[in-house]
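Observations on chain architecture
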Amino acid sequence: MKITNLTVWQHELELRESYSYAGTTLTHIPTVIVRLRTDAGLEGWGETCPLGTTYQPAHAGGAIAAINEMAGAIVGGSVLPRQLSVRMDSALEGHRYAKAALDIAAWDILGKSAGMPLNQLLGGALSDPVQSYYAIAPLAPDEAVRIALDRVADGYQALQLKIGSSDLEQDCETVRRVWESVPRSVSIAADANRALLVEETLHLSRNLADVPIAIEQPCSTAEEMRSLKGRLHHPLYWDESTTSPSVVLEALGQGYCDGFGMKLTRVGGITPMLGVRDMAVAKGVKLSVDDSWGGDIIAAACAHVGSTVPPKLFRGTWICRPYLSGSYDQNDGIVVENGQITLPDRPGLGICPDANLFGEPVIRMEA
Ligand code: 0XW
Ligand code: MG
């Protein structure tokens, strides 16, 4: 099956409310949407949505430029993901977050070709609906407790507390107060999104030694994260430092981490994410399967892959739909209900984006 058409849009996601983490607040986030069409008459959708321009070394304009650079290697070749990946690598080094959008679209087509929802193509869902988790912005204790109790009442069984904005003592107090307020069955991760120093992380862990949380990506560099091994009272999850499957392999092999906040596009899409999943499962460590941001396409891809993680090791799939107004598929967008995501049961990703929502394409190439 050959790719006969590549179309790319840049689309402005409309936020219902701003999104804050580690001292950054975003009010608008552009996403990059791709559509592949094949000589078998099938089409597949992909997406990559960096969280603004400063969250990681990635941005929407960079993704578009990267895809434009690879367009000639994409159109006319096989849509099979491994073969597509080799052709993309032959045209451009790196840029995993951009290549991920094409990889997702290829898997969407594969599912449609097989007449199977993506999770079935990946071996079958081990959980459906798929657990989500709610990320609470860096807030004072009372406000964070109020939101946490509301989200638990909505059915969430996992919370992520953003820390690292400016006041570490307040962060500690907020984490402690939320833990004291929610049922013991609710899991809590404190995620600094790289904002803390090593010494601040050690202080946080000492201060909260009696509070059973996980600490997620407290420090900025992989070197700082490696230096935390054996020095914390809490499980340490790597997120932003896991820039490729080989980093995941090292972090697991050397015992630097106890789990992951995994972003599907950061490692290059569904294909490499399957390897990350299997490495984590082999090591018996927990992971989330989500992404930095994005609409229904990214949400569907993360939920399908997340559903194939053994529930005991699955931290959940976060999606930003609660922050967005509107969806790509007016009938069957991906939503969180009672803290869970119901998997689409149609072939492939199981959603039908309305291209009219995205305006004029920024790239269009025909075979
Ligand atoms: C909560 N997320 C999955 C979404 C935001 O991009 C941040 C991210 C995380 O856990 O770091
Ligand atoms: Mg994280």
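Here the structure is a predicted model, which is why all the values come from computation and not from measurement. (Residues numbered from 1 in each chain as written. Chains lettered and ligands numbered in written order. Predicted model: local features only at pLDDT ≥ 70, side-chain atom pairs only at ≥ 80, totals over all residues. Heavy atoms only, no water.)

1. Thoughts on the overall build of the protein
Put simply, the rule reads: A run of DSSP states H or I qualifies as a helix once it reaches four residues; a run of E qualifies as a strand once it reaches two. Both are numbered from the N-terminal end. To get the radius of gyration, use the C-alpha atoms; to get the globule rule, take the number of residues to the power 0.38 and multiply by 2.2 Å. Relative accessibility thresholds used throughout: buried, under 20% of the residue-type maximum; exposed, over 50%; partly exposed, between the two (1.4 Å probe, protein chains only). Contacts are assigned to residue pairs that have any heavy atoms within 4.5 Å of one another. Only four residue types enter the tally: Lys and Arg on the positive side, Asp and Glu on the negative side; His and the chain ends are excluded. By convention, the point assigned to a charge is CZ for Arg, NZ for Lys, CD for Glu and CG for Asp.
What the protein contains, in helices and strands, is 11 helices and 17 strands. In terms of C-alpha radius of gyration, the protein reaches 20 Å, essentially the compact-globule figure of 21 Å for 367 residues. Counting only C-alpha atoms and orienting by the principal axes, one finds that the protein spans roughly 60 × 40 × 35 Å. Here the protein holds 367 residues, and the buried ones make up 59% of them. Taking the contacts inside the protein whose residues are at least 6 apart along the sequence as the reference set, 72% of them involve residues at least 24 apart. Averaging the positions of the 30 positive and the 43 negative side-chain charges in the protein gives two centres separated by 5 Å.

2. Things to note about the nonpolar core
Nonpolar side chains in soluble globular proteins tend to end up buried together. To keep it simple, the criterion reads: As used in this record, nonpolar core signifies buried Ala, Val, Leu, Ile, Met, Phe, Trp, Tyr and Cys residues forming a set joined through side-chain atoms within 4.5 Å. The start and end points of each domain follow an automatic or database-based domain assignment.
Phe260, Ile270 and Trp293 are the most contacted members of the largest nonpolar core, which totals 100 residues. Considering each element in turn, this core owes the most residues, eight residues, to helix H11 (residues 296-306). The two domains that each donate at least three residues to this core are domain 1 (3-115 + 354-366) and domain 2 (120-341). Those residues in contact with Trp293 that sit more than four places away from it in its chain are Leu13, Leu15, Tyr19, Ile29, Cys49, Leu51, Ile298, Trp318, Cys320, Tyr323 and Leu324. Listed in part, the 28 residues of the second largest apolar core include Ala60, Ala71, Leu84 and Ile363.

3. Focus: the sheet that holds strand E11 (residues 236-238)
Selection rule: Pairing between two strands is assigned when DSSP locates at least 2 bridges connecting them. Geometry is summarised by axes, namely lines fitted to C-alpha atoms with helices restricted to the contacting stretch, and by angles between N-to-C directions that run from 0 to 180 degrees.
One open sheet holds the eight strands; their spatial order is E7-E8-E9-E10-E11-E12-E13-E14, and the pairing between them is parallel. Each of the sheet's edge strands pairs with one partner strand only, and the pair in question is strand E7 (134-136) and strand E14 (314-316). The sheet shows a mean angle of 25° between the axes of neighbouring strands, taken without regard to direction. With two bridges joining them, strand E10 (residues 214-216) and E11 adopt parallel strand pairing. Within E11, the residue paired with Glu216 across the bridge is Tyr237. Strand contacts of helix H5 (residues 141-153): E7 and strand E8 (158-162), with the helix running at about 170° to E7, the strand carrying the most contacts.

4. A word on the state of the cysteines
The following threshold applies: By definition, disulfides here are pairs of cysteine sulfur atoms that lie within 2.5 Å.
Considering all chains together, one arrives at zero disulfides under this definition. With no disulfide of its own, Cys219 lies closest to Cys172 among cysteine sulfurs, the gap being 14 Å. By relative accessible area, Cys219 is classed as buried at 0%. In this structure Cys257 is not part of a disulfide, and its nearest cysteine sulfur, from Cys219, lies 14 Å away.

5. Re the coordination of the magnesium ion (ligand 2)
Condition: Donors, by definition, are the N, O and S atoms found within 2.8 Å of a metal, the threshold being 3.2 Å for Na, K and Ca, and water is not counted, so a site can look incomplete.
Bound to the magnesium ion (ligand 2) on the protein side are Asp191 (OD), Glu216 (OE) and Asp239 (OD), at distances that span 2.0 to 2.3 Å. Assessed through its relative accessible area of 2%, Asp239 is described here as buried.

6. Thoughts on the pairing of strand E13 (residues 286-290)
Note the cut-off: The path from the first strand over the helix to the second decides the hand: if it runs clockwise while the strands point away from the viewer, the crossover is right-handed.
Among the five residues of E13, four are classified as buried, and the element is accordingly described as predominantly covered. In this fold, the crossover linking strand E12 (residues 259-263) to E13 by way of helix H10 (residues 270-283) has right-handed handedness. As paired elements, E13 and E14 share two bridges and run parallel to each other. Its bridge partner lying in E14, Ser288 is registered against Gly316. Where the polypeptide runs from E13 across H11 and back to E14, its parallel neighbour, the crossover connection is right-handed.

7. Points about the pattern of salt bridges
Note the following rule: Salt bridges are defined by distance alone: a side-chain nitrogen of Lys or Arg within 4 Å of a carboxyl oxygen of Asp or Glu.
Under the definition given, this model contains 17 salt bridges. With a closest N to O distance of 2.6 Å, Lys99 and Asp89 form a salt bridge. Separated by 10 residues along the polypeptide, Lys99 in helix H3 (residues 96-114) and Asp89 in helix H2 (residues 81-91) bring together distant segments of the chain. On the basis of relative accessibility, which here comes to 7%, the residue Lys99 falls in the buried class. Look at Asp89 and you get partly exposed, because its relative accessible area is 42%.

8. Details of the sheet that holds strand E6 (residues 130-131)
Reading across from one edge, E6-E16-E15 is the order of the three strands in this open sheet, with antiparallel pairing throughout. At either margin of the open sheet sits one strand with a lone partner, and together these are E6 and strand E15 (336-337).

9. Some thoughts on the packing of aromatic side chains
What counts here: Any two of the Phe, Tyr and Trp rings considered here, Trp counted by its six-membered ring, make a pair once their centres fall within 6.5 Å; the pair's planes then place it as stacked at under 30 degrees, edge-to-face at over 60, or tilted in between. By definition here, charges over rings are those cases where NZ of Lys or CZ of Arg is within 6 Å of the ring centre and within 35 degrees of the ring normal.
Per the counting criterion, the structure on display carries 15 aromatic pairs. Ring geometry for Tyr134 against Tyr323: centres 6.2 Å apart, planes inclined by 15°, an arrangement best described as stacked. Of this pair, Tyr134 sits in strand E7 while Tyr323 sits in the loop between E14 and E15, and the two are 189 residues apart along the sequence. Neither Tyr134 nor Tyr323 differs from the other in exposure class; each is buried. Among the aromatic residues, those joined into a cluster by ring pairs are Tyr19, Tyr21, Tyr55, Tyr134, Tyr156, Trp293, Trp318 and Tyr323. Between the NZ or CZ atom of Arg184 and the centre of the ring of Trp179, over which it lies, the distance is 3.9 Å. Looking at Arg315, its charged tip hangs above the ring of Tyr133, at a distance of 5.8 Å from the centre.

10. Remarks on the site of ligand 1
Spelled out, the test is: In this text, near means that some heavy atom of the residue lies within 4 Å of the molecule or strand in question. Polar contacts, as used here, are pairs of N or O atoms within 3.5 Å; protein pairs need one atom able to donate a hydrogen and one able to accept it. Residues neighboring in sequence count only if both atoms are side-chain atoms. Here the open area of atoms and residues is found with the Shrake-Rupley method and a 1.4 Å probe, where only the protein chains shown may cover a residue. A pocket here means an open set of points on a 1 Å grid, computed over the protein atoms alone, that has protein on both sides within 12 Å along at least five of seven lines. A cavity is instead a set of points where a 1.4 Å probe fits but cannot get out; residues with an atom within 4 Å of a point line either one. What decides whether a molecule sits in a cavity or pocket is whether more than half of its atoms lie within 2 Å of the grid points. Throughout this entry, Asp, Glu, Lys and Arg are counted as charged residues, while Ala, Val, Leu, Ile, Met, Phe, Trp, Tyr, Cys and Pro are counted as nonpolar. The remaining residues, Gly among them, count as polar.
Around ligand 1, 16 residues are found, and the nearest of them are Gln160, Asp191, Asn193, Asp239 and Ser292. A distance of 2.6 Å is found between an oxygen atom of ligand 1 and a backbone nitrogen or oxygen belonging to Ser292. Surface burial for ligand 1 is 100%, taken as the share of its 290 Å² of free accessible area covered by protein chains. Here ligand 1 is seated within the largest cavity. Broken down by class, the residue content of the shell around ligand 1 amounts to five nonpolar, three polar and eight charged.

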